[in-house]
Amino acid sequence: MSRPIAPSSSLLVAALVLLCAAPARAGPWTPPPKVGYAKAWFRWLPGFGYRDGEGEKRDYGRYNELSVNVYGELGLLPGLALTLHAPLVQIFTLEDPRRGESEVHVHPGDPALGLRWRLLSAGPLALALEAAVRFPLATSDDLQPVYGTDESNERLGALRAGSGVFDFPLGFSVGLAFSGGFVEASLHGILRTGGYRHDVAWTLAGGLDFSQRWRGRLRLMGRHATGLGGDAPRHDSPSGIGNGTSYGGFALEVDYRLTPRWALGAVLEGGLFALRRQTGGPVLNLVVSTTF
């Protein structure tokens with residue numbers, strides 16, 4: 001659904017997201033049967049500087065993304081885990097600079113269901129194969145035109161909340177655990193339907209326990225559109241949801257263990273290179289996680 005809001009109201013909505021964080025150390029590791037991990041997090045992206053298909057920065061109206069997300073994994077068999085990621089609600093606020101007013105759009109996201117199969121576990125070393133499917137639950141309609149802030153107010157694209165196609169990520173992850181920390185890497189191909197170009201995604205990460213309660217992680221990651229696949233039109237949306245998005249970025253994560261099962265944390269994310277067809281701007285996450 002969509003409705004207009006005043007610019008001051010959009011800032012108030014953005015402030016409400018600053019509430020809770022701590023991503024799972026998934027990688028190639030899998031929980032024992034009937035043991036699981038779950039987290040919920042609030043995500044805020046105050047966007048600025050849209051990057052088009054050539055990587056050129058284009059200024060546009062004020063933009064915010066707010067979302068509530070959940071992730072879980074559950075051990076099914078020894079070495080086999082079920083995973084689920086679901087953006088429960090996504091809130092987009094986008095200003096029309098011609099009128100100086102913003103609109104708010106509220107939609108669910110596209111959930112993903114997957115399996116992780118640990119192929120190798122040799123002491124601290126683990127290797128896993130991962131496969132998933134992302135379902136096109138969210139609308140792929142153009143929600144609102146995106147206009148530049150220059151004198152011509154050129155139309156740059158249109159805001160989208162969903163891709164409208166099925167995605168099939170398939171790849172592997174490898175990790176090395178040691179006393180007080182870990183390192184891991186992953187590489188996935190993402191097969192896309194609907195004539196979309198297929199993508200490649202990767203991560204490099206490491207983490208350390210600073211104490212019994214505090215731990216930190218640094219994650220480098222990227223997703224890049226390839227020249228393989230169909231010839232469906234590329235999108236131009238600040239959300240980056242659609243066909244042709246690319247980025248390389250980082251995530252700096254810190255969490256505090258409240259109890260042996262519960263933790264709170266915060267994650268700061270940002271783009272580093274190769275941003276295409278999405279907005280710039282920092283991403284702030286606040287997370288609560290638990291094991292069961």
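Okay, so let's go over this structure. Computed from a prediction, not measured in an experiment: that's the story for all the values here.

About the cut-offs
- Residues numbered from 1 in each chain as written.
- Predicted model: local features only at pLDDT ≥ 70, side-chain atom pairs only at ≥ 80, totals over all residues.
- Heavy atoms only, no water.
- Helix = DSSP H or I, 4+ residues; strand = E, 2+ residues; numbered from the N terminus.
- Rg over C-alpha atoms; globule rule 2.2 N^0.38 Å.
- Buried < 20%, exposed > 50% of the residue type's maximum accessible area, 1.4 Å probe, protein only.
- Areas by Shrake-Rupley, 256 points an atom, 1.4 Å probe, with all protein chains shown as cover.
- Lys, Arg positive; Asp, Glu negative; His and termini not counted.
- Charge placed at Lys NZ, Arg CZ, Asp CG, Glu CD.
- Phe/Tyr/Trp six-rings, centres within 6.5 Å; stacked < 30°, edge-to-face > 60°.
- Lys NZ or Arg CZ within 6 Å of the ring centre and 35° of its normal.

Concerning the overall build of the protein chain
Here is step 1 of the chain: Helix and strand counts for the protein chain stand at 1 helix and 18 strands.
Here is step 2 of the chain: Rg of the C-alpha trace for the protein chain: 19 Å, near the compact-globule value of 19 Å for 292 residues, within the 12% margin.
Here is step 3 of the chain: By principal-axis analysis of the C-alpha atoms, the protein chain measures approximately 60 × 40 × 30 Å.
Here is step 4 of the chain: The buried share of the protein chain, reckoned over its 292 residues, is 45%.
Here is step 5 of the chain: Surface exposure of the protein chain reaches about 13900 Å², of which carbon and sulfur atoms provide 64%.
Here is step 6 of the chain: A distance of 9 Å separates the average location of the 28 positive side-chain charges in the protein chain from that of its 26 negative side-chain charges.

Things to note about unusual backbone geometry
Here is step 1 of the chain: Look at Lys 34: it is not a glycine, yet its phi comes out positive at around 70 degrees.
Here is step 2 of the chain: Although it is not a glycine, Asn 153 sits at a positive phi angle of roughly 50 degrees.
Here is step 3 of the chain: For Asn 153, the position within the fold is in the loop between β9 (144–147) and β10 (155–159).
Here is step 4 of the chain: The class of Asn 153 is partly exposed, set by a relative accessible area of 21%.

Examining the packing of aromatic side chains
Here is step 1 of the chain: Tallying each qualifying case throughout the model produces 5 aromatic pairs.
Here is step 2 of the chain: A centroid spacing of 6.1 Å and a plane angle of 85 degrees characterise the contact between Trp 29 and Phe 182, whose relative ring orientation is edge-to-face. Of this pair, Trp 29 sits in the loop between α1 (7–15) and β2 (36–51) while Phe 182 sits in strand β12 (residues 181–192), placing them 153 residues apart in sequence.
Here is step 3 of the chain: For Trp 29, a relative accessible area of 17% translates into the label buried.
Here is step 4 of the chain: According to the relative accessible area criterion, Phe 182 is buried, its value standing at 4%.
Here is step 5 of the chain: Seen from their ring centres, Phe 135 and Phe 166 are 5.9 Å apart, and the 75 degrees between their planes marks the pair as edge-to-face. Note that Phe 135 is positioned in the loop between β8 (125–134) and β9 and Phe 166 in the loop between β10 and β11 (167–178), a separation of 31 residues in sequence.
Here is step 6 of the chain: For Phe 135, a relative accessible area of 34% translates into the label partly exposed.
Here is step 7 of the chain: According to the relative accessible area criterion, Phe 166 is partly exposed, its value standing at 36%.
Here is step 8 of the chain: An aromatic cluster of three or more residues is present, and its members are Phe 135, Phe 166 and Phe 168.
Here is step 9 of the chain: Note that Lys 39 overlies the ring of Trp 41, its terminal NZ or CZ placed 4.3 Å from the centroid.

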